Amino acid sequence: MAKMINKTLVLTYIYLLIYIILSSGVILYNKWVLSPKYFNFPLPITLTMVHMGFSGFVAFLLIRVFKVVSPVKMTFEIYVTCVVPISAFFASSLWFGNTAYLHISVAFIQMLKALMPVATFIMAVVCGTDKARCDVFMNMVLVSVGVVVSSYGEINFNIIGTVYQVMGIFAEALRLVLTQVLLQKKGLTLNPVTSLYYIAPCSFVFLSLPWYVLEKPNIEVSQIQFNFWIFFSNALCALALNFSIFLVIGRTGAVTIRVAGVLKDWILIALSTVIFPESTITGLNITGYAIALCGVVMYNYIKIKDVKATQPTADSLPDRITKDWKEKNSSDGGSPRGLELNDEEAPLITSRLSHIGRTQLGNHSAV
C-alpha cells in the first residue's frame, strides 16, 4: 500500500512537471511562430483556428470513429444557450491573447495576466455568482497597483498589445463565469474530449468572421510561409497541454496546482528573456509583478480557505492522493471536485471545472 502511494505521489509530480513544460512551451512556441523576428507568421486568428480545427478533429475521431469516449446528451437548446456564448468568449480570449504576442513580450504578458483574478472577481460580482467582499477587494487593489507599476517599468510598452491582452483576460473571465452560470444551471458536465468536441468547432466558426475581415486579405497579398510540420507540432502541443491539465487536476489539490502555476510563471518569464533577447526586464517590472503576485497569493489563500470551510476535512496532497486511490479501487473513481486550473492556452479543460465549485473562480495557473 505504501509503495503504491509513493508511486502515485511520484507520478503526480511528474504530471506537474509535464504540465509546466507544456504550458511554458506552448506560450513560447506561439510567440516564436507569430513574431515577425522569428518564424514570421503574423496571423494570430489563423493560428488559433488551426488549433481549434485540429482539436475538434481529434475529438471527433475519439468520440465518433474510435468511440473511446461517449458523447454527452446535448440538445439544441443547451447548445444554443450554453455552448455558443461560451465558445464566443473562448474564441475572443484566444484571439486577443494571441494577437498580443505581436506587440509585447512574453514576460510582460505574464505580468499582465496577474489581472486575471481581478477580472474574474468583477465579472462574478456583476453576474451574481460572487459577492463583493472587503478582503477580496483589497487584494484586487493590490494586484492592480502591482500591474500598473510593472507596466510603468516596461521599456517596450505598447498600448495596442496591452489593450489586446487585457481584453483577452476579461473575455476569459467572462467565459469562466458564463460556464459556471450556464452549464451548472443545465446540470451539464463536459470531460476534456467532449469539451473539445462541442466547443472547438463552434469557436472555429466564430473566429472565421474576424479572420475573413482582418487576415484573409493579408494572406492573399503577401507571401506568408506555411510549414505543415510547424503548425502540426504547435497544435499537437496545445492539445497535449489540455490533457496534461486533466491529469494534474485528477491527481493533486488546489494548493499544489496554484503553487505550480506561480512557479511556471516565474520560469516562463526567465525563459522568455533567454529565448527572446529583445525582451528586457527592468527592476520596476519585477517589483510591480512581485506586488501583484502578493495580491494573487492572498486571493488564492482566501479562496482555498473558503473551499476548505465547506469541506468536512482538509486533505494534504499525500492524504488527497491516498483518498483518491482508495476511491478508485472502491468505485469508478473520478477527479477531485472543487479544483481550479485556469490556463489561457487550454481553457477547454478548465470549463469542466469552473461550474463544479461555485466558490472558486479566478487566477490562471498557466498558459
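Residues numbered from 1 in each chain as written. Predicted model: local features only at pLDDT ≥ 70, side-chain atom pairs only at ≥ 80, totals over all residues. Heavy atoms only, no water.

Under an unreviewed UniProt entry, the name given to the protein is Sugar phosphate/phosphate translocator, and the source organism is Cardamine amara subsp. amara.

We now examine the nonpolar core. In this structure, Val33, Val106, Ala114, Val143, Val147 and Leu207 are the most contacted members of the largest nonpolar core, which totals 79 residues. Looking at this core, the element that brings in the most residues is helix 3 (residues 76-100), giving 10 residues. Those residues within four positions of Leu207 in sequence are excluded, and the remaining contacts are Ile45, Thr48, Met49, Met52, Ala91 and Trp95. Grouped together as the second largest cluster of nonpolar side chains are 11 residues, Tyr15, Tyr19, Ile245 and Ala260 included. (Core = buried A, V, L, I, M, F, W, Y, C linked by side-chain atoms within 4.5 Å. Buried < 20%, exposed > 50% of the residue type's maximum accessible area, 1.4 Å probe, protein only. Helix = DSSP H or I, 4+ residues; strand = E, 2+ residues; numbered from the N terminus. Contact = heavy atoms within 4.5 Å.)

Moving on: a nonpolar patch on the surface. Together, Phe157, Ile159, Ile160, Val163 and Met167 line one region of the surface with nonpolar side chains, adding up to about 440 Å² of accessible area. Residue placement: Ile160 occurs in helix 7 (residues 159-186). (Patch = residues over 30% accessible without salt bridge, like charges linked within 9 Å, V, L, I, M, F, W, Y side chains within 5 Å. Areas by Shrake-Rupley, 256 points an atom, 1.4 Å probe, with all protein chains shown as cover. Salt bridge = Lys/Arg side-chain N within 4 Å of Asp/Glu carboxyl O.)

This brings us to unusual backbone geometry. Non-glycine residue Asn40 carries a positive phi angle of around 65°. Within the secondary structure, Asn40 is located in the loop between helix 1 (2-34) and helix 2 (44-65). Classification of Asn40 by relative accessible area gives partly exposed; the value is 35%. We note that Lys67 has phi near 55°; this positive angle belongs to a residue other than glycine. In this structure, Lys67 sits in the loop between helix 2 and helix 3. Residue Lys67 is classed as exposed on the basis of its relative accessible area of 61%.

With that settled, the discussion passes to helix 3. With 25 residues, helix 3 ought to run about 36 Å at 1.5 Å a step, and its terminal C-alpha atoms sit 35 Å apart, in line with that. Of all bends in helix 3, the biggest is about 30°, found at Val83, and the proline Pro85 comes one to four residues later. (Expected span 1.5 Å × (residues − 1). Bend = angle between axes of the 7 residues up to and from the residue.)

Further remarks concern the packing of aromatic side chains. With the rule as written, the count across this model stands at 15 aromatic pairs. Three or more aromatic residues joined by ring pairs form one cluster here, namely Tyr29, Trp32, Phe39, Phe41, Phe226 and Phe231. (Phe/Tyr/Trp six-rings, centres within 6.5 Å; stacked < 30°, edge-to-face > 60°.)

So, on to the environment of Ile104. For Ile104, the position within the fold is in the loop between helix 3 and helix 4 (106-112). By relative accessible area, Ile104 is classed as buried at 3%. In this structure, the C-alpha to C-alpha distance between Ile104 and Asn156, residues 52 residues apart in sequence, is 7.3 Å. Ile104 has contacts with Lys31, Ile109, Leu112, Asn158, Gly161, Thr162 and Gln165, leaving out every residue within four places of it along the chain.

Glancing now at helix 7. Look at helix 7: 40 Å from first C-alpha to last across 28 residues, which is about the 40 Å you get at 1.5 Å a residue. Its side-chain oxygen placed 2.9 Å from the backbone nitrogen of Ile160, Asn158 serves as the N-cap of helix 7. The first or second residue beyond helix 7 is Gly187, which carries a positive phi of 70°. (Polar contact = N/O pair within 3.5 Å; in protein donor to acceptor, adjacent residues only side chain to side chain.)

The next thing to look at is the pattern of salt bridges. Following the criterion strictly, the structure yields five salt bridges and no others. The salt bridge involving Asp135 is made with Arg133; its shortest N-O contact spans 3.0 Å. The exposure class of Arg133 is partly exposed, given its relative accessible area of 27%. The salt bridge partner of Glu172 is Arg175, with a shortest N-O separation of 2.8 Å. With Glu172 and Arg175 both in helix 7, this residue pair falls three residues apart, about one helical turn. We note that Glu172, like Arg175, is buried. Three or more residues are tied together by salt bridges with common partners; here these are Arg133, Asp135 and Asp306.

The subject of this paragraph is the packing of helix 6 (residues 134-152) against helix 11 (residues 283-309). Closest axis-to-axis distance for the helix 6/helix 11 pair is 7 Å, and the angle between their directions is 160°. Taken together, the axes of helix 6 and helix 11 lie roughly antiparallel to each other. Where helix 6 crosses over helix 11, the handedness of that crossing is left-handed. Residue-level contacts link Asp135, Val136, Asn139, Met140, Leu142, Val143, Gly146, Val147, Val149, Ser150 and Tyr152 of helix 6 to Leu284, Asn285, Gly288, Tyr289, Ile291, Ala292, Cys294, Gly295, Val296, Met298, Tyr299 and Ile302 of helix 11. Looking at the contact of helix 6 with helix 11, its residues break down into 16 nonpolar, six polar and one charged. (Axes fitted to C-alpha atoms, helices over the stretch in contact; angles between N-to-C directions. Parallel < 35°, antiparallel > 145°, perpendicular 65-115°, else oblique. Left-handed = near helix turned anticlockwise from the far one by under 90°. Nonpolar A, V, L, I, M, F, W, Y, C, P; charged D, E, K, R; others polar.)

Before going further, it helps to examine the environment of Ala238. Within the fold, Ala238 resides in helix 9 (residues 228-251). According to the relative accessible area criterion, Ala238 is buried, its value standing at 7%. Considered as a pair, Ala238 and Ser23 are 215 residues apart in the sequence and their alpha carbons are 8.2 Å apart. When residues no more than four places from it in sequence are discounted, the contact partners of Ala238 are Val26 and His51.

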